[in-house]
Structure formats: C-alpha cells, structure tokens
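Residue-level listing of the chains:
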Amino acid sequence: MPNPRPQGNSTPVLPHIESRILTLRGHKVIIDADLAELYGVPTGALNQAVKRNSARFPADFMFQLSTAERAEVITNCDHLAKLKFSRSLPFAFTEHGAIQASNALNSPRAIEMGIYVVRAFVRIKQFIASHAELAQRLSELETKTDGLALDHDALSRETRHQIRQILEALRALTAPPDPPKRPIGFVTPEARR
C-alpha cells in the first residue's frame, strides 16, 4: 500500500482519503482502521486515545458499528477484510470526529493528515451538492418543456422528443460513475501505479 503522506501538494492524497470515506447510517464516515493508517498510528492506539478523551466524541462525531454493519463494510471494502477477525466492533468517525481524533492524538502526522481528511470530506460534500442541484434544475426544465408542449401545439412531437433525449443524455453524464473494477489475477506493483 502506498504511503499517503503528502509531499506539499494535496492532489495525490485526497483521492486516497476519499476512497476510504463510506456512507453509514446516513453519514459520511471513515472507519477507525483507515483513520489510524492515515494518522500513522496503530488502530488500538487511536481507539485508546478516543476512550481517554471520550468527552470530545459525542454520538454525532463517532459511533460503533453493529455486527451487521461490520459485515457489510467487510463485504464492500476489500482493504478492511482484516476487520473480520477483530474481536471488537470498529468505530466510524464523521468529519468532526476525525478532526477530534487528530487533536486527541496530537502527533504532527495526525494533525497534518487531519487537514487532508477534512478537505476530502468537503470535496465529497461539494460533489454531492452540485449533482443534487443539477438534477433539480433538469427536473424543472423538463416540467417547463412539458408545459410548453401542452400550451403550444406549434411545438412539434419531434422537438419534444429531441428535448427529452438531451435531458436523458445530461442525466447520464451527471450520474456517478461506476466504481472501478479490481483486475483479476496477479497485478505487479508497477501496474498498480
């Protein structure tokens, strides 16, 4: 696994962090094992720091996964397969919880990576917001064109069909891309880059 340590530019770090952010219970979260890896500490050390500073972590900053949620995470995230053998259930940290964990650890690496974690959460929020706004605008446009078609007989059936095709194409372009598929077979380290 490549080291996600930044080298002055956040560009290569953010996609690595964004790929670790999941949606659980309607929140964007990062699992404790991934957060510990980013902060350069063992997962146990992260969880111990959290327990020592439990007042900093209300329920909306961090929660413990249920057995079913852990099974779902293990199924969907290959890099978290090691959680299958863990005796304890993992914790999930929201954006604010990740910042607090960085503060609780108080190491230079945790503080530095905490900034990148926040940037990754912000980019995901902006991406979701821009797509929701665009979808709403497309729906409004479609409603307006349907209204025009009813009001004006001059708008031919062919023109309405073309407008619908444009709207469908725009929806297809704004749909989130399919997740990349893992290659089958042995992959050399050079091919991974």
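Residues numbered from 1 in each chain as written. Predicted model: local features only at pLDDT ≥ 70, side-chain atom pairs only at ≥ 80, totals over all residues. Heavy atoms only, no water.

Asker: Please give an account of the overall build of the protein that cites residues and values.
Answerer: A count of helical and extended segments in the protein gives eight helices and four strands. Secondary structure elements in the protein, listed N-terminal to C-terminal, are α-β-β-α-α-β-α-β-α-α-α-α. The buried share among the 193 residues of the protein stands at 34%. Sequence separation of at least 24 residues holds for 72% of the intrachain contacts in the protein that already meet a minimum separation of 6. Element-wise, carbon and sulfur atoms account for 56% of the exposed surface of the protein, whose accessible area totals about 12,700 Å². (Helix = DSSP H or I, 4+ residues; strand = E, 2+ residues; numbered from the N terminus. Buried < 20%, exposed > 50% of the residue type's maximum accessible area, 1.4 Å probe, protein only. Contact = heavy atoms within 4.5 Å. Areas by Shrake-Rupley, 256 points an atom, 1.4 Å probe, with all protein chains shown as cover.)

Asker: Which residues make up the nonpolar core, and what values go with them?
Answerer: Counting 26 residues, the largest nonpolar core has Leu35, Tyr39, Leu46, Phe93 and Val117 as its most contacted members. Mapped onto this core, the elements with two or more residues apiece are helix H2 (32-39), helix H3 (43-52), strand E4 (91-93), helix H5 (95-105) and helix H6 (108-151). Among the elements that take part in this core, H6 stands out by supplying seven residues, more than any other. Leave out the neighbours within four places in its chain, and Leu35 touches Ile30, Leu46, Phe93, Ala98, Ala101 and Val117. Core analysis: the next-biggest nonpolar cluster, separate from the first, contains 13 residues, Leu24, Phe63, Leu65 and Leu83 among them. (Core = buried A, V, L, I, M, F, W, Y, C linked by side-chain atoms within 4.5 Å.)

Asker: Can you break down H2 residue by residue, with the values?
Answerer: Counting buried positions over the eight residues of H2 gives seven, a clear majority of the element. The complete set of buried residues in H2 reads Asp32, Ala33, Asp34, Leu35, Ala36, Leu38 and Tyr39. The positive-phi residue at the C-terminal boundary of H2 is Gly40, with phi of around 75 degrees.

Asker: Please set out the sheet that holds E4 residue by residue, giving values where relevant.
Answerer: The four strands are arranged E1-E2-E4-E3 in an open sheet whose pairing can be described as antiparallel. Strands at the two margins of the open sheet, each flanked by one partner only, are strand E1 (21-24) and strand E3 (62-64). With strand direction ignored, the average angle separating the axes of adjacent strands in the sheet is 45 degrees. (Pairing = 2+ DSSP bridges. Axes fitted to C-alpha atoms, helices over the stretch in contact; angles between N-to-C directions.)

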